Amino acid sequence: MIKTDSEISTIIEIEKDRELRNIAEKVFSEERLNQEEGLILFEKGALSYVGTLANLVRQRLHGDKTYFNRNFHIEPTNVCVFSCAFCSYSRLYAHRDQGWELSLQQMMDIVKSYDGKPVTEVHIVGGVHPKMNMEFFMELLRTIKSYRPELHIKGFTAVELDYMFRKAKVSIEDGMKKMKEAGLDSLPGGGAEIFHPEIRQQICADKVDADGWLAIHRAAHQLGMHTNATMLFGHIESYFHRIDHMDRLRSLQDETKGFNTFIPLKFRNKNNDMSDIPESTLIEDMRLYAISRLYLDNFPHLKAYWPMLGRKNAQLSLSFGVNDLDGTIDDSTKIYSMAGAEEQHPAISTTELVHLIQQAGRKPIERDTLYNEVSIAE
Ligand code: V47
Ligand code: SF4
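Thresholds, definitions, all that
- Residues numbered from 1 in each chain as written.
- Chains lettered and ligands numbered in written order.
- Predicted model: local features only at pLDDT ≥ 70, side-chain atom pairs only at ≥ 80, totals over all residues.
- Heavy atoms only, no water.
- Domains from an automatic or database assignment.
- Contact = heavy atoms within 4.5 Å.
- Buried area = accessible area lost by both parts, 1.4 Å probe.
- Salt bridge = Lys/Arg side-chain N within 4 Å of Asp/Glu carboxyl O.
- Polar contact = N/O pair within 3.5 Å; in protein donor to acceptor, adjacent residues only side chain to side chain.
- Helix = DSSP H or I, 4+ residues; strand = E, 2+ residues; numbered from the N terminus.
- Nonpolar A, V, L, I, M, F, W, Y, C, P; charged D, E, K, R; others polar.
- Buried < 20%, exposed > 50% of the residue type's maximum accessible area, 1.4 Å probe, protein only.
- Core = buried A, V, L, I, M, F, W, Y, C linked by side-chain atoms within 4.5 Å.
- 1 Å grid on protein atoms, 1.4 Å probe; cavity = no way out; pocket = protein on both sides within 12 Å on 5 of 7 lines; lining within 4 Å.
- Points joined across faces, edges and corners; volume = space filled by probe spheres on them.
- Axes fitted to C-alpha atoms, helices over the stretch in contact; angles between N-to-C directions.
- Parallel < 35°, antiparallel > 145°, perpendicular 65-115°, else oblique.
- Phe/Tyr/Trp six-rings, centres within 6.5 Å; stacked < 30°, edge-to-face > 60°.
- Left-handed = near helix turned anticlockwise from the far one by under 90°.
- Near = heavy atom within 4 Å.
- Areas by Shrake-Rupley, 256 points an atom, 1.4 Å probe, with all protein chains shown as cover.

Engineer: Even after reading the chapter, I still don't get the domain arrangement of the chain, so can you show me in this structure?
Structural biologist: For an interface, size is often stated in terms of accessible area lost upon the parts coming together. Structurally, the chain comprises domain 1 (5-61) and domain 2 (68-376). Once you take the C-alpha centre of each, domain 1 and domain 2 turn out to be 29 Å apart. Facing the 20 residues of domain 1 at the interface are 27 residues of domain 2. Carbon and sulfur atoms make up 69% of the area that domain 1 and domain 2 hide from each other, which totals about 2100 Å². At the junction of domain 1 with domain 2, the criterion picks out 2 salt bridges. In this structure, Asp297 engages Arg32 in a salt bridge whose closest nitrogen and oxygen atoms are separated by 2.9 Å. Counting the contacts that link domain 1 with domain 2 gives 8 residue pairs in polar contact (both at pLDDT 80 or more). For the side of domain 1 that touches domain 2, the secondary structure elements donating two or more residues are helix 3 (35-44) and helix 4 (47-62). Among the elements that take part in the side of domain 1 that touches domain 2, helix 4 stands out by supplying 9 residues, more than any other. Residues belonging to the side of domain 1 that touches domain 2 are distributed by class as follows: 11 nonpolar, 6 polar and 3 charged.

Engineer: I would appreciate a short explanation of the side chain of Asn71 in the present structure.
Structural biologist: Mapped onto the fold, Asn71 is located in strand 2 (residues 71-74). The exposure class assigned to Asn71 is buried, which follows from its relative accessible area of 0%. A distance of 3.0 Å separates polar atoms of two side chains, one belonging to Asn71 and the other to Glu121.

Engineer: Explain the nonpolar core here, please?
Structural biologist: Nonpolar side chains in soluble globular proteins tend to end up buried together. Counting 111 residues, the largest nonpolar core has Met176, Met179 and Trp213 as the members making the most contacts within it. Residues within four places of Met176 in sequence aside, it is in contact with Leu161, Phe165, Leu184, Leu187, Ile216, Ala219, Ala220, Leu223 and Met225.

Engineer: What is the right way to look at empty space enclosed by the protein in this model?
Structural biologist: It is a probe the size of a water molecule, rolled over the atoms, that shows where empty space is left. Under the criterion given, the structure shown has 4 cavities of 30 Å³ or more. In this structure, the second largest cavity spans a volume of roughly 50 Å³. Forming the walls of the second largest cavity are Gly127, Val128, His129, Met132, Phe137, Glu160, Tyr163 and Met164. Considering every element that reaches the lining of the second largest cavity, the biggest residue donor is helix 7 (residues 158-168), with 3 residues.

Engineer: What is the right way to look at the packing of helix 2 (residues 18-28) against helix 4 in this model?
Structural biologist: A pair of packed helices can be characterised by two numbers: the angle between their axes and the separation between those axes. The interhelical angle for the contact between helix 2 and helix 4, taken along N-to-C directions, is 5°, at an axis separation of 10 Å. On the basis of their axis angle, the class for helix 2 and helix 4 is roughly parallel. Facing helix 2, whose interface residues are Leu20, Arg21, Ala24, Val27 and Phe28, helix 4 presents Tyr49, Leu53, Leu56, Val57 and Arg60. Among the residues making up the contact of helix 2 with helix 4, the classes are represented as 8 nonpolar, no polar and 2 charged.

Engineer: Quick question: what am I supposed to make of the packing of aromatic side chains here?
Structural biologist: For any pair of aromatic rings, the description rests on two quantities: the centre-to-centre distance and the angle between the ring planes. The tally for this structure, following the rule as stated, stands at 11 aromatic pairs. With 5.1 Å between their ring centres and 20° between their planes, Phe259 and Phe299 make a pair best called stacked. Of this pair, Phe259 sits in strand 7 (residues 259-266) while Phe299 sits in the loop between helix 12 (282-295) and strand 8 (301-302), and the two are 40 residues apart along the sequence. Just as Phe259 is buried, Phe299 falls in that class too.

Engineer: Honestly, the packing of helix 10 (residues 210-222) against helix 11 (residues 239-256) in this entry has me stumped. Any pointers?
Structural biologist: Packing of helix 10 against helix 11 leaves a shortest axis separation of 11 Å and a crossing angle of 25°. Viewed along their axes, helix 10 and helix 11 adopt a mutual orientation that is roughly parallel. Considering how the two elements wind past one another, helix 10 and helix 11 form a crossing that is right-handed. Contact with helix 10, carried on its side by Ala210, Trp213, Leu214, His217, Arg218 and His221, involves Arg248, Leu249, Leu252, Glu255 and Thr256 of helix 11 and no other residues of that element.

Engineer: Can you help me understand the site of ligand 2 in this one?
Structural biologist: For ligand 2, the full set of nearby residues is Cys80, Phe82, Cys84, Phe86, Cys87, Tyr89, Ser90, Gly127 and Lys207. The residue inventory of the shell around ligand 2, partitioned by class, reads 6 nonpolar, 2 polar and 1 charged.

Engineer: Help me understand the site of ligand 1 in this model?
Structural biologist: Every one of the 23 residues lining ligand 1 counts as a neighbour, but Lys154, Gly189, Gly190, Gly191 and Glu193 are closest to it. Between an oxygen atom of ligand 1 and a side-chain N or O atom of Lys154, the distance comes to 2.6 Å. Between ligand 1 and the protein, one listed contact pairs an oxygen atom with a side-chain N or O atom of Glu193 at 2.5 Å. Burial of ligand 1 by the protein chains amounts to 97% of its free accessible area of 610 Å². Contributing elements (two or more residues each) for the shell around ligand 1: strand 6 (226-233) and strand 7. Of the residues contributing to the shell around ligand 1, the split by class is 10 nonpolar, 7 polar and 6 charged.

What follows is the structure, encoded as structure tokens:
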């Protein structure tokens, strides 16, 4: 239900903390929050307070609309040259016998298994395999496009692309151009983790750094492609590192306007080198969604990735600023189940996703990757 201006004024007035009241006034009058204010929200903002404000912003941007799409994943390999401490999924090249490597034919068999099904997007993401080079992936892109031209290909994190471009000795700009020409439509948001070097050095020191990640997304935006951005939260980062991360994204978005969606990813602690770190609480998770909705004022969409968060918590996040529940992924996406996510067999039917959204009092809208409405589910 939309709150009236006077109801919101009341919420502000009963807050005793002057700094929090000032922030609410700014949100109310659509003014941008600065880094200090973002930190204040993390340090002092009660869930109910930040949630009410975030819900106001979500309502202003999207009304009752909550989006989902129909997609499927291809994970070409889990062999990876990198060894991120939080990763439960990858196998080093030396242990590749314990992992998987799909051939072009096997990946096309996955695409063909969706013949006649109304999917609009394929999301391609995996480990960074030293032998799967740019040529190999351009061939995959061309083959998918010639088989099913209307299927949107969202593929390859900035980490995968950075490695491919370096190996092929092409500049970021030329590499992106070539991938686009081969059929790549947009980039997923993975690989961002936490940008600040104090944390990045500890959790994923050997892969592309913040500037490299941002440069790849900038190059994609300059070619007219849209991309997403993630943040891996709830491990060793502090509130300061979260705000720093979001601030770097907000600055690039001011420059290019190429980001569609921000996707916070809750750190899951099973089967990885950070298993001793307890997972964040549901209250902290919801506060993070709300504060990111307030801080990232130039990001149109905020997505809860339900295979990682669990479907019930994803449903709850719709009251804390989230307006997108990702897709009806009906394959076995392994990166999350291996890290201990609630959803061990991530499959959800469109009917179930529509119900989840309706139960939260919202209007489910099927979208394509670029948020064009496909149909309005009743
Ligand atoms: O970058 C790895 C994360 C990401 C763990 O753009 C983990 O639409 C939690 O980015 N606990 C890759 N997270 C996936 C990704 C993504 C997912 C869904 C939609 C989109 C999109 C992008 O997975 C990695 C990393 O941050 N991850 N291990 C873990 N233990
Ligand atoms: Fe490799 Fe990605 Fe896992 Fe890091 S998170 S080890 S880059 S698969």
